[in-house]
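Here are the chains, one letter per residue:
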Amino acid sequence: MKETEKNITITIAVVAFNEEKYLPALLEDIRKQTYEHNKIEVLLIDSMSEDRTEQIMREFEKKYSGDYLGIRLLKNEKKLQCCGWNVAIRSFSTDVLVRVDAHAHIPEDFIAKNVAQMRQGEMVAGGARPTRSESDDVWSRTLLMVEDSLFGSSISDFRRKREKSYVKSIFHGAYRREVFEKVGEFNEKLGRTEDNEFHYRIRQAGYRIALSPDIISYQYIRPTFRKMLKQKYGNGYWIGLTLGVCPGCLSIYYFAPITFVFGILATTVLAVVGVPQLGILMWSLYALLAVGMTVFSMIAEKKKGNSWGIPMLALPILFFLLHISYGVGTIIGLCKLPGWLRKERA
């Protein structure tokens, strides 16, 4: 192994806006990392927070700056998360940059295992990203079941795969400096799909994105169903807009919710004019899938040793509302796409 590969330095960057609730635990995760701290740079990027986020960052910087290669507190004046990641790209001084969301938990070997992938010659690496809930009550576990279900959430590789493979996108990725030098920064026009577009450019540049089963990090779900609906609507909205910027970076499954919404509209019109058969078929299949996934999720919950609760019987309804929210968001995004493109070009 080359001497330079033995001494890889790595930057962990956290972009946060009003994250006083989650940030202390994440900073404690960073403090517990087993990789040599004198080879770790920490970039804490505040997106003009209105709570104690910046103060928490400053306290961490003041208390632990001597333990690391460096700790720097930076400003993201544009507030958008993609702009914050670009601040990190322009500022990091090490061999590798790893991104960690503020709503996350990372095990103590997270950085060490990312470095191990770099030593194996990978240019971009990451791992699985299971989800967690803030509480362990029945309703919180029900929301977690919705998010974890193949029917209720994404089928992205970083959610599903459990063996090493090369994938289209990664969450909490680690990137060698060379990748940014060749591919550039995140597209600041995009609000939710900047990862898709950036990873698309990485693949187009000839790099592979490695997903390792050894690497794991956790993402906290939205704590209420209302916030979850808002999140899904926003995701769908940006899928609609992204079609005007980078259609090639979107997988076909992103369009399942909008197809479902159009299916509802089309079959309703057909039923009104006396042709209900397609509507009956579509709703029968959807109900079968929703109920089947509910049963599957409840069995999985039981295997974890958790008890069932009445709210879990509402899973088919929750699935339906999330699909509608995402699909409507995509429709609105598509409707606003022409004006949005004109504005961006101007």
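Please refer to the structure higher up on the page.
Residues numbered from 1 in each chain as written. Predicted model: local features only at pLDDT ≥ 70, side-chain atom pairs only at ≥ 80, totals over all residues. Heavy atoms only, no water.

> Would you mind showing me how to read the overall build of the protein chain here?
Scanning the protein chain for helices and strands turns up 13 helices and eleven strands. In summary, the protein chain has a C-alpha radius of gyration of 22 Å against a globular reference of 20 Å for 346 residues, a match within 12%. Overall, the protein chain is about 75 × 55 × 45 Å in size when its C-alpha atoms are taken along their principal axes. Of all intrachain contacts in the protein chain linking residues separated by at least 6 positions in sequence, the fraction that spans at least 24 positions is 80%. Only carbon and sulfur atoms are counted for the fraction: they give 58% of the accessible area of the protein chain, which is about 16500 Å². Here the protein chain contributes 47 positively and 38 negatively charged side chains, and the mean placements of these two sets differ by 5 Å. (Helix = DSSP H or I, 4+ residues; strand = E, 2+ residues; numbered from the N terminus. Rg over C-alpha atoms; globule rule 2.2 N^0.38 Å. Contact = heavy atoms within 4.5 Å. Areas by Shrake-Rupley, 256 points an atom, 1.4 Å probe, with all protein chains shown as cover. Lys, Arg positive; Asp, Glu negative; His and termini not counted. Charge placed at Lys NZ, Arg CZ, Asp CG, Glu CD.)

> Which parts of the structure should I look at to understand the sheet that holds strand β11 (residues 218–220)?
Ordered in space as β5-β11-β7, the three strands form an open sheet in which the pairing is mixed. With partners counted over all chains shown, the strands left at the sheet margins are β5 (104–105) and β7 (131–132), one partner each. Across two bridges, β7 lies against β11 in parallel orientation. When the bridges of β11 are listed, R132 appears paired with Y220. (Pairing = 2+ DSSP bridges.)

> Explanation requested: the environment of K39 in the structure shown.
Position of K39 among the secondary structure elements: in the loop between α2 (23–31) and β2 (40–46). As a C-alpha pair, K39 and D95 span 56 residues in sequence and 9.9 Å in three-dimensional space. Apart from the residues lying within four places of it in its own chain, the contact partners of K39 are K6, N7, I8, T9, I10 and L69.

> What's the story with the sheet that holds strand β9 (residues 174–176) in this structure? I'm lost.
Within a beta sheet, neighbouring strands are joined by backbone hydrogen bonds and run either parallel or antiparallel to one another. Taken in spatial order, the eight strands make up an open sheet running β3-β2-β1-β4-β9-β6-β10-β8, and their pairing is mixed. Strands at the two margins of the open sheet, each flanked by one partner only, are β3 (70–75) and β8 (165–167). The average angle at which neighbouring strand axes cross in this sheet is 30°, direction not considered. Docked against the sheet, helix α3 (residues 53–64) engages β1 (10–16), β2 and β3, running at close to 160° with respect to β3. Running over the sheet, helix α5 (residues 110–119) touches β1, β2, β4 (96–101), β6 (124–128), β9 and β10 (209–216) and is turned about 140° from β10. (Axes fitted to C-alpha atoms, helices over the stretch in contact; angles between N-to-C directions.)

> Got a minute to help me understand the pattern of salt bridges in this structure?
Side-chain pairs of opposite charge can arise where the charged atoms are in close proximity. Here the structure, examined in full by the defined rule, presents 17 salt bridges. We note a salt bridge from K78 to E188, for which the minimum N-O separation is 2.9 Å. Residue K78 is located in the loop between β3 and α4 (81–91), and its partner E188 is located in the loop between α8 (177–183) and α9 (194–204); the two are separated by 110 residues in the primary sequence. A relative accessible area of 56% places K78 in the exposed class. Take E188: its relative accessible area is 23%, and that puts it in the partly exposed class. Residue D136 pairs with R141 through a salt bridge whose shortest N-O separation is 3.7 Å. When its relative accessible area of 8% is taken as the criterion, R141 is described as buried. Bridged by salt links that share partners, the residues D46, E54, R58 and K75 form one connected network. (Salt bridge = Lys/Arg side-chain N within 4 Å of Asp/Glu carboxyl O. Buried < 20%, exposed > 50% of the residue type's maximum accessible area, 1.4 Å probe, protein only.)

> Looking at this model, I keep getting lost on unusual backbone geometry. Mind explaining?
In most cases, non-glycine residues show a negative phi, while peptide bonds are predominantly trans. Not every positive phi belongs to a glycine, and N18 is a case in point at roughly 50°. Residue placement: N18 occurs in the loop between β1 and α2. The class for N18 is partly exposed, based on a relative accessible area of 29%. A positive phi is found at M48, a non-glycine position, where the angle reads about 60°. Within the secondary structure, M48 sits in the loop between β2 and α3.

> Would you explain the nonpolar core in this entry?
It is characteristic of soluble globular proteins that their nonpolar side chains tend to be buried jointly. Counting 34 residues, the largest nonpolar core has I12, I30, V42, L44 and F60 as the members making the most contacts within it. Contributions of two or more residues to this core are made by β1, α2, β2, α3, β3, β4, α5 and β10. Beyond its immediate stretch of four places on either side in the chain, V42 contacts I12, I30, F60, Y68, G70, I71 and R72. In terms of nonpolar packing, the next biggest core, distinct from the first, is built from 27 residues, V87, I89, I170 and L211 among them. (Core = buried A, V, L, I, M, F, W, Y, C linked by side-chain atoms within 4.5 Å.)

> Would you mind going over the layout of surface pockets with me for this structure?
Leftover empty space is mapped by rolling, across the atoms, a probe with the size of a water molecule. Estimated volume of the second largest pocket: approximately 220 Å³. In terms of lining residues, the second largest pocket is bounded by eleven residues, among which D148, S149, F296, S297 and A300 are the most central. By residue class, the composition of the lining of the second largest pocket is five nonpolar, two polar and four charged. (1 Å grid on protein atoms, 1.4 Å probe; cavity = no way out; pocket = protein on both sides within 12 Å on 5 of 7 lines; lining within 4 Å. Points joined across faces, edges and corners; volume = space filled by probe spheres on them. Nonpolar A, V, L, I, M, F, W, Y, C, P; charged D, E, K, R; others polar.)

> Any chance you could explain the packing of aromatic side chains here in plain terms?
For the coordinates displayed, the defined rule picks out 18 aromatic pairs. Members of the aromatic cluster, joined through ring pairs, are F92, Y175, F180, F186 and F198. Directly above the ring of Y218 sits R132, whose terminal nitrogen or CZ lies 4.4 Å from the centroid. One residue, R208, lies across the ring of Y166, its end atom 3.7 Å from the ring centre. (Phe/Tyr/Trp six-rings, centres within 6.5 Å; stacked < 30°, edge-to-face > 60°. Lys NZ or Arg CZ within 6 Å of the ring centre and 35° of its normal.)

> Help me understand helix α12 (residues 277–303) in this model?
Since there are 3.6 residues in each turn of an α-helix, residues three or four apart along the chain are aligned in direction. Helix length check: α12, at 27 residues, gives a terminal C-alpha distance of 39 Å against a target of 39 Å (1.5 Å per residue), a fit within 8%. Every buried residue of α12 is accounted for by G279, M282, Y286, A290, M293, T294, S297, M298 and E301. Among the structural elements, α6 (138–148), α11 (256–272) and α13 (315–345) are those in contact with the buried residues of α12. Immediately downstream of α12, the backbone of G305 shows phi near 90°, a positive value. (Expected span 1.5 Å × (residues − 1).)

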